[in-house]
Amino acid sequence: MDAIKLSCSSTGNEETAAFLLQNGACLSSYILVDHPETTKHLLRNHFTETETPASQASEESALCLRWSGLRLPWLELDWFIDIAVRITELDLSKNCLTSLPSIIPWGLTHLIKTDLSSNRFTELPSTQSSEEILCTSLKEFNVSSNELSSLPSGLLHLGKLQRLIAAKNHLETLFK
């Protein structure tokens, strides 16, 4: 049994599991399946940062999900659906993701920065119309070092997008 699985299965070892993850261990599919609540709790408590800009002092704090380098094989919508409206930054880089829930990035209303680099994406969620795009504040979108043959046409509807990074892909057409 690996150290992360042992930490997840033992009560009170969340700090140990978090330490191991922060130092190169990964969340295998066995851990994700066998310990879904522990996984959600670890991601939320140890890899999510709270920001409270002065302009939002009276509102709920903005969240930065920094789930980079955990080698996640997939994402469960349940891990973040109840906090989705608070997410301003989403870093899913350096994982093993091949697909995303359709809410990413299109349904994250306050999203400003997204990093999906260094995964295994061959395509990203698409939209049927511009009305499905709720992330109108998105300024930076990084999908470099994947296996994309095209970019989702929804990116064309993001008027505030300042930086699109798509290097090191297999782009045959720009937008599809």
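Our structure is the block above this text.
Residues numbered from 1 in each chain as written. Predicted model: local features only at pLDDT ≥ 70, side-chain atom pairs only at ≥ 80, totals over all residues. Heavy atoms only, no water.

Scanning the protein chain for helices and strands turns up four helices and six strands. Helices and strands in the protein chain line up, N terminus first, as α-α-α-α-β-β-β-β-β-β. Counting all 176 residues of the protein chain, 44% fall into the buried class. Expressed as a percentage of contacts within the protein chain between residues at least 6 apart in sequence, the contacts between residues at least 24 apart total 56%. Within the structure as shown, the protein chain displays about 9200 Å² of accessible surface, and the carbon and sulfur contribution to it stands at 48%. (Helix = DSSP H or I, 4+ residues; strand = E, 2+ residues; numbered from the N terminus. Buried < 20%, exposed > 50% of the residue type's maximum accessible area, 1.4 Å probe, protein only. Contact = heavy atoms within 4.5 Å. Areas by Shrake-Rupley, 256 points an atom, 1.4 Å probe, with all protein chains shown as cover.)

With that settled, consider the packing of aromatic side chains. By the definition in use, this model includes two aromatic pairs. Look at W67 and F80: their rings are 6.2 Å apart centre to centre, the planes differ by 65°, and that puts the pair in the edge-to-face class. Taken together, the residues span a long stretch of sequence, with W67 in the loop between strand 2 (62-66) and strand 3 (87-91) and F80 in the loop between strand 2 and strand 3 at a distance of 13 residues. Its relative accessible area of 2% is what places F80 among the buried residues. Through a chain of ring-to-ring contacts, three or more aromatic side chains come together here, namely W67, W79 and F80. (Phe/Tyr/Trp six-rings, centres within 6.5 Å; stacked < 30°, edge-to-face > 60°.)

Let us look at the sheet that holds strand 6 (residues 163-165). Read from one edge to the other, the open sheet built from six strands follows the order 1-2-3-4-5-6, with strand pairing classed as mixed. Here the strands that pair on one side only, and so sit at the sheet edges, are strand 1 (48-51) and strand 6. Across this sheet, the average inter-strand angle for adjacent strands is 10°, counted without regard to direction. (Pairing = 2+ DSSP bridges. Axes fitted to C-alpha atoms, helices over the stretch in contact; angles between N-to-C directions.)

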